[in-house]
Amino acid sequence: MILVNIFYNDNTLFVNIYEELNSYNVNRLKLRVFKIVTEYDIENVVLSINNCKKNSYLLKDFINEYEATFNGHIKVK
């Protein structure tokens, strides 16, 4: 299971990631975020990648799929 902290505040879903973003973890993250955004009709999402290895291709693919599915944007910090 991917180590993340997900919370909602001020009309924004904050997703703090603490694990390497490999293919498995990105797929798990995608399932969780997409489910929450769909269930609660959330428009704003902020991803915070905290000192972990990231695969830029996988992250970009996740963001592109989110934007195509929900017509929204994800901010990455």
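Read on for an overview of the structure. The model shown is predicted, which means the values in this text are computed figures rather than measured ones.

1. Here we look at the overall build of the protein chain
Thinking step 1. Within the protein chain, the regular secondary structure consists of 2 helices and 4 strands.
Thinking step 2. In the protein chain, the order of α-helices and β-strands from amino to carboxyl end is β-β-α-β-α-β.
Thinking step 3. Taken along the three principal axes of its C-alpha coordinates, the protein chain extends 30 × 25 × 20 Å.
Thinking step 4. Element-wise, carbon and sulfur atoms account for 47% of the exposed surface of the protein chain, whose accessible area totals about 5,100 Å².

2. Considering the sheet that holds strand β3 (residues 44-49)
Thinking step 1. Spatial strand order, β1-β2-β3-β4: 4 strands in an open sheet with mixed pairing. At either end of the open sheet lies a strand with only one pairing partner, and these are β1 (4-9) and β4 (74-76). Along the sheet, successive strands turn relative to each other by an average axial angle of 20°, direction set aside.
Thinking step 2. Taken together, the 6 bridges between strand β2 (residues 12-17) and β3 define a ladder with parallel strand orientation. Directly across from L13, in β3, lies its bridge partner V45.
Thinking step 3. Strands in contact with helix α1 (residues 23-40) are β1, β2 and β3; relative to β2, the strand with the most contacts, it is inclined by about 165°.
Thinking step 4. Where helix α2 (residues 56-70) meets the sheet, it contacts β3 and β4, and its direction lies at approximately 155° from that of β4.

3. Structural notes on the nonpolar core
Thinking step 1. Counting 22 residues, the largest nonpolar core has V15, I17, L21, L29, V33, L47 and F62 as its most contacted members.
Thinking step 2. Secondary-structure elements contributing two or more residues to this core are β2, α1, β3 and α2.
Thinking step 3. Discounting chain neighbours no more than four positions away, the residues touching L29 are I2, V4, V15, I17, L21, L47 and F62.

Cut-off values and rules
- Residues numbered from 1 in each chain as written.
- Predicted model: local features only at pLDDT ≥ 70, side-chain atom pairs only at ≥ 80, totals over all residues.
- Heavy atoms only, no water.
- Helix = DSSP H or I, 4+ residues; strand = E, 2+ residues; numbered from the N terminus.
- Areas by Shrake-Rupley, 256 points an atom, 1.4 Å probe, with all protein chains shown as cover.
- Pairing = 2+ DSSP bridges.
- Axes fitted to C-alpha atoms, helices over the stretch in contact; angles between N-to-C directions.
- Contact = heavy atoms within 4.5 Å.
- Core = buried A, V, L, I, M, F, W, Y, C linked by side-chain atoms within 4.5 Å.
- Buried < 20%, exposed > 50% of the residue type's maximum accessible area, 1.4 Å probe, protein only.

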